[in-house]
Amino acid sequence: MQEQPFAPGLTARVELTVTDADTAQAVGSGDVPVLGTPRVLALTEAATVAATATRMPSGSTTVGVRVELDHRAATPVGGTVVARARLAKVDGRRLLFEVSVTEGDATVAEGRVERLLVDRQRFVERAARSS
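Calculation notes
Residues numbered from 1 in each chain as written. Predicted model: local features only at pLDDT ≥ 70, side-chain atom pairs only at ≥ 80, totals over all residues. Heavy atoms only, no water. Pairing = 2+ DSSP bridges. Helix = DSSP H or I, 4+ residues; strand = E, 2+ residues; numbered from the N terminus. Axes fitted to C-alpha atoms, helices over the stretch in contact; angles between N-to-C directions. Salt bridge = Lys/Arg side-chain N within 4 Å of Asp/Glu carboxyl O. Buried < 20%, exposed > 50% of the residue type's maximum accessible area, 1.4 Å probe, protein only. Contact = heavy atoms within 4.5 Å. Polar contact = N/O pair within 3.5 Å; in protein donor to acceptor, adjacent residues only side chain to side chain. Core = buried A, V, L, I, M, F, W, Y, C linked by side-chain atoms within 4.5 Å.

(A) Main features of the sheet that holds strand β3 (residues 80-91). With antiparallel pairing, five strands are arranged side by side in an open sheet as β1-β3-β4-β5-β2. Both edges of this open sheet fall to β1 (11-17) and β2 (60-71), since each of them pairs with a single strand only. Strand-to-strand twist of the sheet, defined as the mean angle between neighbouring strand axes without regard to direction, takes the value 25 degrees. Alignment of β3 against strand β4 (residues 94-103), held across nine bridges, turns out to be antiparallel.

(B) View of the pattern of salt bridges. By the definition in use, this model includes nine salt bridges. As a salt-bridge pair, D70 and R72 come within 3.3 Å of each other at their nearest N and O atoms. When its relative accessible area of 51% is taken as the criterion, R72 is described as exposed. We note a salt bridge from E98 to R86, for which the minimum N-O separation is 2.7 Å. A residue pair is termed long-range when its members are at least 10 positions apart, and E98 in strand β4 and R86 in strand β3 qualify at twelve residues. On the basis of relative accessible area, E98 is assigned to the partly exposed category, the value being 39%. Taking relative accessible area as the criterion, R86 reaches 34% and is therefore assigned partly exposed. Counted as one network, the salt bridges with shared partners bring together R66, E68 and R112.

(C) Inspection of the environment of T17 at higher detail. Relative to the assigned elements, T17 resides in strand β1. T17 gets classed as partly exposed once you look at its relative accessible area, which sits at 42%. For T17 and T80, which are 63 residues apart along the polypeptide, the C-alpha to C-alpha distance reads 4.2 Å. Excluding residues within four positions of it along the chain, T17 makes contact with D22, G78, G79 and T80. Separated by 3.0 Å, the side chains of T17 and T80 make a polar contact.

(D) Main features of the nonpolar core. Within the largest apolar cluster, 23 residues are counted, with the highest numbers of intra-cluster contacts made by F6, L35, L43, V81, L87, F97 and V101. Looking at this core, the elements that each hand over two or more residues are β1, α2 (37-53), β3, β4 and β5 (106-119). Contacts of V101, omitting those with residues within four sequence positions, involve V40, T44, V81, V82, A83, A106, T107, V108 and A109.

(E) How the structure looks around the side chain of D22. With respect to the helices and strands, D22 occurs in the loop between β1 and α1 (24-27). Owing to a relative accessible area of 6%, D22 belongs among the buried residues under this scheme. Reaching out from D22, the side chain makes a polar contact with the backbone nitrogen of T19 at a distance of 2.9 Å. Sequence-distant contacts of D22, defined by excluding residues within four places in its chain, comprise L16, T17, V34, L35, G36 and R39.

In structure tokens form, the structure reads like this:
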């Protein structure tokens, strides 16, 4: 891979209006009808992907390698949350994002997501061989 295409400061946001399919009951992470933690995590990862999408080198992608997430507040069905990601640090192929999810002025979740820049084809081939 050539020159580093990413620099700290890249940002993106992703919005979701919570439906029954997004609840802890639906995704199997609990038995309450509120936004499930796995969906919160998926939303933060979607924001990190969006932050790098326009600068992604041809043939490359990023994969998640580490997550630290504090889910602090419940969001009911019908609530709208916004996930934001900001690229905080670049260390070679490792990209460290600071992420947050809010509902209005309230913080629903916050944490960090680490992604690794990889060659897409090589990654998929390696995964196929290991299964």
